[in-house]
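Per-entry structural report
These are the residues of each chain, in order.
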2 protein chains.
Amino acid sequence: MPGTKTKAIDATTEEKIKEAARRIFTRKGYSATRTRDIAEEAGLNLALLNYYFRSKEKLFDIIMLETMQQFMQGVRVLLSAESSSLEEKISVFVSSYIDVLIKQPDLPLFIFSEIKANPKKLMAKMGLKEFLMNSQFLVQFREAVKTNKIAPVHPLQFIMNIVGLTVFPFIGSPILQNLGDLNTDEFNKLMEERKKLVPLWIKLMMMKT
Amino acid sequence: MPGTKTKAIDATTEEKIKEAARRIFTRKGYSATRTRDIAEEAGLNLALLNYYFRSKEKLFDIIMLETMQQFMQGVRVLLSAESSSLEEKISVFVSSYIDVLIKQPDLPLFIFSEIKANPKKLMAKMGLKEFLMNSQFLVQFREAVKTNKIAPVHPLQFIMNIVGLTVFPFIGSPILQNLGDLNTDEFNKLMEERKKLVPLWIKLMMMKT
DNA sequence: GTCTATATACGGATAGAC
DNA sequence: GTCTATCCGTATATAGAC
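Residues numbered from 1 in each chain as written. Chains lettered and ligands numbered in written order. Predicted model: local features only at pLDDT ≥ 70, side-chain atom pairs only at ≥ 80, totals over all residues. Heavy atoms only, no water.

1. Some thoughts on the layout of surface pockets
Any empty space left between the atoms is revealed when a probe the size of a water molecule rolls over them. The volume enclosed by the largest pocket comes to roughly 1100 Å³. As for the largest pocket, its lining consists of 37 residues, and the residues nearest its centre are K28, G29 and S31 of chain A together with K28 and S31 of chain B. Within the residue set of the lining of the largest pocket, elements represented by two or more residues are helix 1 (13-32), helix 4 (56-79), helix 6 (107-117) and helix 7 (119-126) of chain A together with helix 1 (13-32), helix 4 (56-79), helix 6 (107-117) and helix 7 (119-126) of chain B. Classifying every residue of the lining of the largest pocket by side-chain character gives 14 nonpolar, ten polar and 13 charged. (1 Å grid on protein atoms, 1.4 Å probe; cavity = no way out; pocket = protein on both sides within 12 Å on 5 of 7 lines; lining within 4 Å. Points joined across faces, edges and corners; volume = space filled by probe spheres on them. Helix = DSSP H or I, 4+ residues; strand = E, 2+ residues; numbered from the N terminus. Nonpolar A, V, L, I, M, F, W, Y, C, P; charged D, E, K, R; others polar.)

2. What about the domain arrangement of chain A?
Accessible area lost when the parts come together is the quantity often used to give the size of an interface. Residue and element names in this part refer to chain A. Partitioning chain A into domains gives domain 1 (1-54) and domain 2 (61-206). Computed from C-alpha atoms alone, the centre-to-centre distance between domain 1 and domain 2 is 30 Å. Summing both sides of the interface, domain 1 and domain 2 together bury roughly 740 Å²; the carbon and sulfur share of this comes to 63%. A per-residue breakdown of the area domain 1 buries against domain 2 is headed by K18, R22 and T26, which together make up 62% of the total. Seen at the junction of domain 1 and domain 2, the total is two salt bridges. Linking E66 and K18 is a salt bridge whose minimum nitrogen-to-oxygen distance equals 2.7 Å. Counting across the interface, domain 1 meets domain 2 through three residue pairs in polar contact (both at pLDDT 80 or more). Here the residues of the side of domain 1 that touches domain 2 sort into four nonpolar, two polar and three charged. (Domains from an automatic or database assignment. Buried area = accessible area lost by both parts, 1.4 Å probe. Salt bridge = Lys/Arg side-chain N within 4 Å of Asp/Glu carboxyl O. Polar contact = N/O pair within 3.5 Å; in protein donor to acceptor, adjacent residues only side chain to side chain.)

3. Brief notes about helix 6 of chain B
Among the eleven residues in helix 6 of chain B, eight count as buried, and that is most of the element. Inspection of helix 6 of chain B places L107, P108, L109, F110, I111, F112, E114 and I115 of chain B among the buried residues, and these make up the whole buried set. (Buried < 20%, exposed > 50% of the residue type's maximum accessible area, 1.4 Å probe, protein only.)

4. Points about the interface of chain A and chain B
With 51 residues of chain A at the interface, the matching set in chain B holds 51 residues. Taking both partners together, chain A and chain B bury about 4800 Å²; carbon and sulfur atoms supply 76% of that area. Three residues stand out in chain A for area buried against chain B, namely K116, F168 and L179 of chain A, and they jointly supply 15% of the buried area on that side. Remark: the boundary between chain A and chain B carries four salt bridges. Of the charged contacts, one joins K129 of chain A and D181 of chain B as a salt bridge, the two residues approaching to 3.4 Å between their closest N and O atoms. There are twelve residue pairs in polar contact (both at pLDDT 80 or more) connecting chain A and chain B. Elements represented by at least two residues in the side of chain A that touches chain B include exactly helix 1, helix 6, helix 7, helix 8 (128-133), helix 10 (155-171), helix 11 (173-180) and helix 12 (184-205) of chain A. Broken down by element, the side of chain A that touches chain B gets its largest block of residues, twelve residues, from helix 10 of chain A. (Contact = heavy atoms within 4.5 Å.)

5. Some details on the relation of the copies chain A and chain B
Both copies of the chain are placed relative to one another by a rotation about an axis and a shift along it. Expressed as a screw transformation, the operator carrying chain A onto chain B has a rotation angle of 180° and an axial translation of 0.0 Å, and the superposed copies differ by an RMSD of 0.1 Å. Classification of the inter-copy transformation places it as that of a two-fold axis. Both copies contact each other with a shared surface, as 100% of the interface residues of chain A are interface residues in chain B too. (Least-squares fit on C-alpha atoms with pLDDT ≥ 70 in both.)

6. Some details on the packing of helix 10 (residues 155-171) of chain B against helix 12 (residues 184-205) of chain B
Residue and element names in this part refer to chain B. Running from amino to carboxyl end, helix 10 crosses helix 12 at an angle of 170°, the nearest separation of the two axes being 10 Å. Between helix 10 and helix 12, the crossing angle belongs to the class labelled roughly antiparallel. The two elements helix 10 and helix 12 meet at a crossing, and its hand is right-handed. Of the residues in helix 12, those touching helix 10 at F158, N161, I162, L165, T166, P169 and F170 are F187, M191, R194, V198, I202 and M205. Looking at the contact of helix 10 with helix 12, its residues break down into ten nonpolar, two polar and one charged. (Axes fitted to C-alpha atoms, helices over the stretch in contact; angles between N-to-C directions. Parallel < 35°, antiparallel > 145°, perpendicular 65-115°, else oblique. Left-handed = near helix turned anticlockwise from the far one by under 90°.)

7. Here we look at the packing of helix 5 (residues 86-103) of chain A against helix 12 of chain A
All names here are of chain A. Packing of helix 5 against helix 12 brings their axes to within 9 Å, and their N-to-C directions diverge by 160°. When the axis of helix 5 is compared with that of helix 12, the two are roughly antiparallel. The two elements helix 5 and helix 12 meet at a crossing, and its hand is right-handed. Of the residues in helix 12, those touching helix 5 at E87, I90, S91, V94, S95, I98, D99 and I102 are N188, M191, E192, R194, K195, V198, P199, I202 and K203. For the contact of helix 5 with helix 12, the residue count by class is eight nonpolar, three polar and six charged.

8. Focus on the protein's contact with DNA strand C
Close contacts around DNA strand C come from 17 residues, with T13, N45 and Y52 of chain A together with R34 and R36 of chain B the closest. If you look at DNA strand C and keep only atoms within 4 Å of the protein, 62% of those are sugar or phosphate atoms. The side chain of T13 of chain A places a nitrogen or oxygen atom 2.7 Å from a phosphate oxygen of DNA strand C. In the environment of DNA strand C, a phosphate oxygen lies 2.6 Å from a nitrogen or oxygen atom belonging to the side chain of Y52 of chain A. Secondary-structure elements contributing two or more residues to the surface near DNA strand C are helix 3 (46-53) of chain A together with helix 2 (35-42) and helix 3 (46-53) of chain B. Among the elements that take part in the surface near DNA strand C, helix 3 of chain A stands out by supplying four residues, more than any other. (Near = heavy atom within 4 Å.)

Here's what the structure looks like:
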């Protein structure tokens with residue numbers, strides 16, 4: 001039966017639990033998730049969770065760390081990259097992010113909720129601030145302001161705009177889909193459109209007037 | 001019978017409970033909130049909650065209904081108003097909304113989270129869709145598109161932009177504040193700036209190119 | 001490693017004194 | 001109306017058989 005199966009081909013029990021946990025935690029958040037839901041989702045016994053991860057919280061910590069690293073990847077793309085222009089960075093960020101979010105639309109609400117619930121525990125692990133400070137992105141932004149190519153605003157305003165225009169639709173999707181009478185496919189079409197629109201809009205917004 | 005007795009000068013016990021519940025629910029969400037937290041926040045005994053509201057869920061429903069009505073008020077301002085122009089509507093919406101959110105920054109994350117957790121139960125109560133459909137806002141938007149004043153995009157894209165640029169910073173504030181090394185006052189200053197910037201940006205974004 | 005059964009803790013709800 | 005004490009269901013965690 002299960003113990004005699006090969007580990008090589010299908011997912012190990014530990015991986016099954018992690019995958020199930022990721023789905024449920026992301027969908028419902030830490031507090032609303034019951035370990036029973038995870039066990040059921042994984043098609044496994046409840047006791048296995050404790051055998052592999054000792055506690056709900058430890059399991060969550062592992063999932064959360066991995067999730068945030070994934071979420072951060074887009075940001076790192078946006079911030080680093082020596083060779084590309086500011087505009088190119090924005091395009092790449094928006095486009096790749098929308099791809100991720102179409103596949104995992106629950107991600108933003110989950111991350112922002114959990115960070116709010118536990119800022120100290122989770123913020124440190126991101127190391128986002130250090131990354132931003134010496135980033136090529138910030139250098140290019142300041143240069144563009146100085147040379148009068150874009151309007152002079154706080155860099156954070158600029159970042160809020162890019163991230164907000166990209167991420168917000170997924171946070172508000174239940175309301176927005178209802179508002180526009182859209183099913184998921186139709187909604188995703190609009191998101192695909194935004195891959196081109198958002199970078200264009202950002203460019204227009206930041207024009208010197 | 002609860003609620004029928006005194007209309008006193010200072011807050012009644014029932015109001016104290018509701019105020020405490022509003023704060024805690026909004027801060028932590030339904031699942032993570034314990035009735036004991038609410039009782040403590042109100043400086044009252046746990047048993048009073050049940051005396052006045054029968055259950056955690058019934059108390060939550062009352063709070064949630066009131067909160068959504070408040071949240072919707074800004075939207076209604078945006079959508080209705082026969083006399084004002086499209087631009088004016090946007091300015092009023094952004095400005096009044098940012099005022100609300102500076103006072104109650106937890107509101108957006110709370111509302112979006114709870115709607116996601118229980119869309120059927122909560123969406124109907126908003127009645128947002130009906131409101132939008134016959135709104136002056138939508139008429140004016142379509143007119144502006146037809147007369148070539150703004151670029152032709154799905155109205156929902158337009159709404160996402162306005163709401164996203166206004167609301168997103170408050171959803172991401174823990175991360176954003178950390179990113180920019182800002183305390184709450186400094187962050188709020190940026191939000192005050194956005195009262196003027198967002199309407200301007202919207203105007204620029206939507207230009208015909 | 002995986003299961004069943006059970007211990008333990010926690011949170012929501014209630015009974016009853018005042 | 002408000003309190004103390006307590007009940008009871010549910011969720012997490014663990015023991016022990018296989």
